[in-house]
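Listed below, chain by chain, are the residues.
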Amino acid sequence: MATDPIRSKKQLKELAGYWLKRRNYRNYALIVLGVCTALRISDLLHITEDDVYDAKVGDFRSHLIITERKTGKQKTIALNKQAIHALHLCFPHRRGGFLFANNRAEPSPISRIQAWRIIKTAAEAVKIAGCIACHSLRKTFGYFAWKAGVLPVMLMDIYNHSSFEITRRYLGIAQDDRDRVYLSMECF
């Protein structure tokens with residue numbers, strides 16, 4: 001079953017807020033950075049502290065530079081205010097090495113299954129309908145970017161998609177989105 005984007009900003013805030021209210025800043029940051037960076041979960045989980053924080057300067061980096069695990073391509077992602085805020089909250093609680101470290105003695109990132117549990121637990125708690133999973137975060141970025149007027153060709157580039165059809169499926173465009181376009185048009 002394909003995952004769905006979260007199509008409501010209110011629900012998206014509730015999803016991240018679920019972990020924020022519980023003061024689980026790692027899980028909160030996972031959701032925020034997952035949406036704000038549009039990274040695949042395999043890339044997101046392998047972000048290190050050094051990737052986002054410059055110890056020499058004593059501040060967070062403005063850009064995240066990674067090599068995508070799936071494509072091998074280098075990607076530079078500007079970290080927006082929401083991402084930096086989430087980093088500020090989770091950074092004092094880090095466990096060394098990986099940003100989304102597990103609770104074991106040896107430093108390694110949480111598993112994909114654990115990331116899925118984090119997202120699924122919050123989605124069920126705040127009653128978000130649909131198939132919400134790790135890939136939903138990546139899709140949610142595209143959905144809100146598209147609604148904000150970002151050109152599909154830019155989203156294709158961000159996602160490294162080879163066709164618009166793939167990007168169109170990612171966006172999760174539904175009938176109510178099409179209805180809004182028709183109803184908003186004043187042709188005469």
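Positions within a chain are numbered from 1, following the residues in the order the chain's sequence is written. Since the coordinates come from a predicted model, pLDDT governs what is reported: local features require at least 70, and pairs of side-chain atoms require 80 or more to be given and counted, while whole-chain, interface and lining totals use all residues. The side-chain numbers reported here are obtained from all heavy atoms of the structure, hydrogens and water having been left aside.

(A) Structural view of the overall build of the protein. Along the backbone of the protein there are 10 helices and four strands. Of the regular secondary structure in the protein, the N- to C-terminal order runs α-α-α-α-β-β-β-β-α-α-α-α-α-α. Computed over C-alpha atoms, the radius of gyration of the protein comes to 17 Å, within 12% of the 16 Å expected from 2.2 N^0.38 for 188 residues, which places it in the range of a compact globule. Across its three principal directions, the C-alpha atoms of the protein cover 65 × 35 × 30 Å. Accessibility here uses a 1.4 Å probe with only protein chains present; expressed as a share of the type maximum, an area under 20% marks a residue as buried, one over 50% as exposed, and anything in between as partly exposed. Counting over 188 residues, the protein shows a buried share of 44%. Here the protein has roughly 10900 Å² of accessible surface; of this, 55% comes from carbon and sulfur atoms. The numbering of helices and of strands both runs from the N terminus, where a helix is a DSSP run of H or I of at least 4 residues and a strand a run of E of at least 2. Note that the radius of gyration is over C-alpha atoms, with the globule rule given as 2.2 Å times the number of residues to the power 0.38. Surface exposure here means Shrake-Rupley accessible area, sampled with a 1.4 Å probe, where a residue is shielded only by the protein chains that are shown.

(B) Broad picture of the pairing of strand β3 (residues 63-67). Only one face of β3 is buried: it carries Leu 64 and Ile 66, and the other face, with His 63, Ile 65 and Thr 67, is open. As judged from the five bridges shared by β3 and strand β4 (residues 74-78), these two strands associate in the antiparallel manner. Paired with Leu 64 across the strands is Ile 77, a residue of β4. Being paired, for any two strands, means DSSP has found at least two bridges between them. In this structure, the hairpin formed by β3 and β4 is closed by a connection of six residues, where Gly 72 is found at a positive phi of approximately 75°.

(C) Structural context of the packing of helix α1 (residues 9-21) against helix α6 (residues 112-125). Remark: α1 packs on α6, axes separated minimally by 9 Å, with the N-to-C direction vectors making an angle of 105°. Taken as axis vectors, α1 and α6 run roughly perpendicular relative to one another. Along the contact surface, α1 presents Leu 15, Tyr 18 and Trp 19, while α6 presents Ile 118, Ile 119, Thr 121, Ala 122, Ala 123 and Ala 125. In the scheme used here, Gly and all other residues not listed as nonpolar or charged are polar, with Ala, Val, Leu, Ile, Met, Phe, Trp, Tyr, Cys and Pro taken as nonpolar and Asp, Glu, Lys and Arg as charged. Here the contact of α1 with α6 is composed, by residue class, of eight nonpolar, one polar and no charged. For every element, the axis is a line fit to its C-alpha atoms; helices are fit only across the contacting stretch, and the angle between N-to-C directions ranges from 0 to 180 degrees. Angle categories: roughly parallel below 35 degrees, roughly antiparallel above 145, roughly perpendicular from 65 to 115, and oblique for all the rest. Note on contacts: a residue pair is in contact if any heavy atoms of the two residues lie within 4.5 Å.

(D) Spatial organisation of a nonpolar patch on the surface. Like-charged residues within 9 Å of one another, or nonpolar side chains (Val, Leu, Ile, Met, Phe, Trp, Tyr) within 5 Å, are grouped into patches, provided each residue has over 30% relative accessible area and no salt bridge. The salt bridge definition used is simple: a Lys or Arg side-chain nitrogen within 4 Å of an Asp or Glu carboxyl oxygen. On the surface, a cluster of nonpolar side chains totalling about 310 Å² of accessible area is made up of Leu 151, Val 153 and Met 154. Overall, Leu 151 belongs to the exposed group, its relative accessible area being 57%.

(E) Layout of the pattern of salt bridges. Applying the stated criterion across every chain yields a total of 11 salt bridges. For Glu 68, the salt bridge identified is with Arg 40, shortest N-O distance 3.4 Å. Of this pair, Glu 68 sits in the loop between β3 and β4 while Arg 40 sits in the loop between α2 (25-37) and α3 (41-44), and the two are 28 residues apart along the sequence. When sorted by exposure, Glu 68 lands in the same class as Arg 40, which is buried. A single salt-bridge network, built from bridges that share partners, covers Arg 7, Lys 147, Asp 176, Asp 177 and Arg 180.

(F) Fine view of the packing of aromatic side chains. Under the pairing criterion, centres of Phe, Tyr and Trp rings, with the six-membered ring standing for Trp, must be within 6.5 Å; the plane angle then separates stacked pairs below 30 degrees from edge-to-face pairs above 60, leaving the rest tilted. Counted by the stated rule, this structure contains seven aromatic pairs. Ring centres of Tyr 159 and Tyr 170 lie 4.8 Å apart, and the angle between their planes is 55°; on these two criteria the pair is classed as tilted. Here Tyr 159, found in helix α8 (residues 152-159), pairs with Tyr 170, found in helix α9 (residues 164-171); they are 11 residues apart in sequence, far enough to count as distant. Side by side, Tyr 159 and Tyr 170 carry an identical accessibility label, which is buried. One aromatic cluster is present, built from ring pairs that chain together Tyr 53, Phe 60 and Phe 91.

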